[in-house]
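# Chains, contacts and geometry: an overview
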Amino acid sequence: MVDFGGWELPQQYTSIRDEHLAVRKVAGLFDISHMGRLVVEGAGAERYLQHLMTNDLAPLPPGHAIYTLMCEQDGGVIDDLVIYRETEQRFIVVVNAANREKDTAWMRKHLSEDVTMEDRTLDLSLIAFQGPKAHELLPKGSSKTDDIPYFGFRAGKVAGLLGLISRTGYTGEDGFELFIDSEHVVQVWDAILAEGKNAGVLPAGLGARDATRLEAALRLYGNDMDETVNPYEAGLGWTVKLGKGDFIGRDVLAAVKQQGPKRTLIGFKTQPGDIPRHGAAVSSEGRRVGAVTSGTHSFFLGHPIALAMVEVPSFRVGETIAVEVRGREASAEVVKLPFYRGSARSAVAPAKS
Amino acid sequence: MADRRYTKTHEWISVDGKTVTVGITDFAQAQLGDVVFLELPAVGRKLAARESFGVIESVKAASDLYSPVPGRITEVNEKLSAKPELVNSDPYGEGWILKLELAGDLPSDLLDEAAYKRSAEAAAH
């Protein structure tokens, strides 16, 4: 068990390797109830969220979700989150566990009379069933999911119990995130594992979650970005819709976009055994150019992979750079992102703006 | 195995005449998680007791490996370069790390199984 934003989470249930491979080849089941769930509701809910978020929620129809950033006035990223539009005036906002208190404080500060916000984190659980076979391995008594598009969601049943079935995830694979009342979530969890067991479904912990999200080049808040990083530096400029009207951080972000970011996130791979760790120096021709933001060994690809924040001008795919591993310089090759494109129906989040 | 001895830093040894086999304990491999790589020394190198001789990389972290006894390395487990996961699956058997020819006496601070278990349990809390 490890502490993750104040929640006790298993690094692995059995083995990171087995869980990681299950997610890539069959399906794995993650407990992601540590993530914050806030319900924002009211006549002014859309206008309120448009003011706080970088992405454009206006065209988002009910039953669809969107990935967005929330920035400070200076363009630094407060959090990355997913917003689900349930109805015209009701949204579920899913935030990172470690940022829940910071986010709710920030969001409360900007509330207006026609908007309410309720923290539903404890009574509404969230589990993620992810993998190329997840859709065919939902247990008996589950609603049909064929008509749910990528980043779409519906009210429906899982193992006979009512919840929200969302075709979203953090692994690059097809699959679902399931919002279930906390009093029933254990039944759903057990049913998915029991019925999927023979097919190779495994419960998957934080280790597998980190490895699969990194292969898909999905950013991790606190590692790949924080308040000192702007969306363009994190390669998430595609979530910033400067044309949607005013929002917090817009002026600074418009200037960053015009001038071009000073740093950028790149992906690279190293030889087996040379695992780049968060914070390790990245250099080129003897000069330090940045630092590793995330790194791990990919059991699926068979070598370590990493993201690093480096100075602009950056590197081309195929170029060799050096990364500090165990106090020495290891050779690394810049590669295209994502490291792996899984079964998620539409393209995973574009790696570059 | 009755003749296995342990260190507080979670290595084990077994002694056969002058030959000492070194590995890491089941507790250590469980704490490390999936091992992906070991950086191991060359045969012939002389080690002092408690000298660092290599690094074990798991998904979570890199950790130093220490020799519990003084001696000269006579063999390194070559299988671990292709299958580092043997350290996880069989830490006291196929996952052994290296063999030394003991130089001098066994250190007096080695633990028996019961004492090691107490030490590891204390470390886990």
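Our subject in this report is the structure included herewith. The structure presented is a predicted model; accordingly, all values stated were derived computationally and were not measured.

### Topic: helix α1 (residues 16-25) of chain A
Residue and element names in this part refer to chain A.
- Burial analysis of α1 places seven of its 10 residues in the buried class, which makes it a mostly covered element.
- Listed in full, the buried residues belonging to α1 are Ile16, Arg17, Glu19, His20, Ala22, Val23 and Arg24.
- Along its buried surface, α1 packs onto β3 (28-31), β9 (124-130), β13 (202-203) and α5 (206-215).

### What about helix α3 (residues 100-109) of chain A?
Residues and elements named next belong to chain A.
- Three or more residues of α3 are buried, namely Arg100, Asp103 and Met107. The buried residues of α3 occupy an angular sector of 70 degrees when the element is viewed end-on, so they sit on one face. Those residues of α3 that are exposed and aimed more than 90 degrees away from the buried face are Ala105, Arg108 and Lys109.
- On the buried face of α3, the contacting elements are β4 (36-41), α2 (45-52), β5 (64-71), β6 (77-87), β7 (90-95) and β8 (116-119).

### What about the interface of chain A and chain B?
- Every contact between the two is made by 12 residues of chain A and, on the other side, 10 residues of chain B.
- Breaking the side of chain A that touches chain B down by element, the ones donating at least two residues are α1 and β16 (287-298) of chain A.
- Split by residue class, the side of chain A that touches chain B holds three nonpolar, seven polar and two charged.

### Remarks on the sheet that holds strand β18 (residues 320-325) of chain A
Residues and elements named next belong to chain A.
- Read around the closed barrel, six strands run β14-β17-β16-β15-β18-β19, paired in antiparallel fashion. Direction aside, the axes of adjacent strands within the sheet are offset by 45 degrees on average.
- Across six bridges, β18 lies against strand β19 (residues 328-335) in antiparallel orientation. Across the sheet, isoleucine 321 pairs through a bridge with alanine 332, a residue of β19.
- Where α5 meets the sheet, its contacts fall on β16 and β17 (303-311), and the angle it forms with β16 comes to roughly 125 degrees.

### With respect to the sheet that holds β8(A)
Residues and elements named next belong to chain A.
- Read from one edge of the open sheet, five strands run β5-β6-β7-β4-β8, paired in antiparallel fashion. With one partner strand each, in any of the chains shown, β5 and β8 form the two edges of the open sheet. Within this sheet the neighbouring strands show an average axis-to-axis angle of 25 degrees, counted without direction.
- Of the pairings in the sheet, the one linking β6 to β7 comprises five bridges and is antiparallel in character. If you follow arginine 85 over to β7, its bridge partner there is phenylalanine 91.
- In this fold α2 packs onto β4, β5, β6 and β7, with an angle of close to 130 degrees to the strand it touches most, β4.

### Overview of unusual backbone geometry
Residue and element names in this part refer to chain A.
- Cis geometry marks the peptide bond from valine 312 to proline 313; its omega dihedral reads 5 degrees.
- Position of proline 313 relative to the elements: it lies in the loop between β17 and β18.
- In this structure, proline 338 follows leucine 337 across a cis peptide bond, with omega equal to -5 degrees.
- Residue position: proline 338 is located in the segment after β19.
- A positive phi angle is found at arginine 326, which is not glycine, with a value near 50 degrees.
- Inspection of the secondary structure puts arginine 326 in the loop between β18 and β19.

What counts, and where the lines are drawn
Residues numbered from 1 in each chain as written. Chains lettered and ligands numbered in written order. Predicted model: local features only at pLDDT ≥ 70, side-chain atom pairs only at ≥ 80, totals over all residues. Buried ≥ 20, exposed ≤ 12 C-beta atoms within 10 Å, placed from the backbone. Helix = DSSP H or I, 4+ residues; strand = E, 2+ residues; numbered from the N terminus. Contact = placed C-beta atoms within 7 Å. Arc of directions from axis to C-beta. Nonpolar A, V, L, I, M, F, W, Y, C, P; charged D, E, K, R; others polar. Pairing = 2+ DSSP bridges. Axes fitted to C-alpha atoms, helices over the stretch in contact; angles between N-to-C directions.

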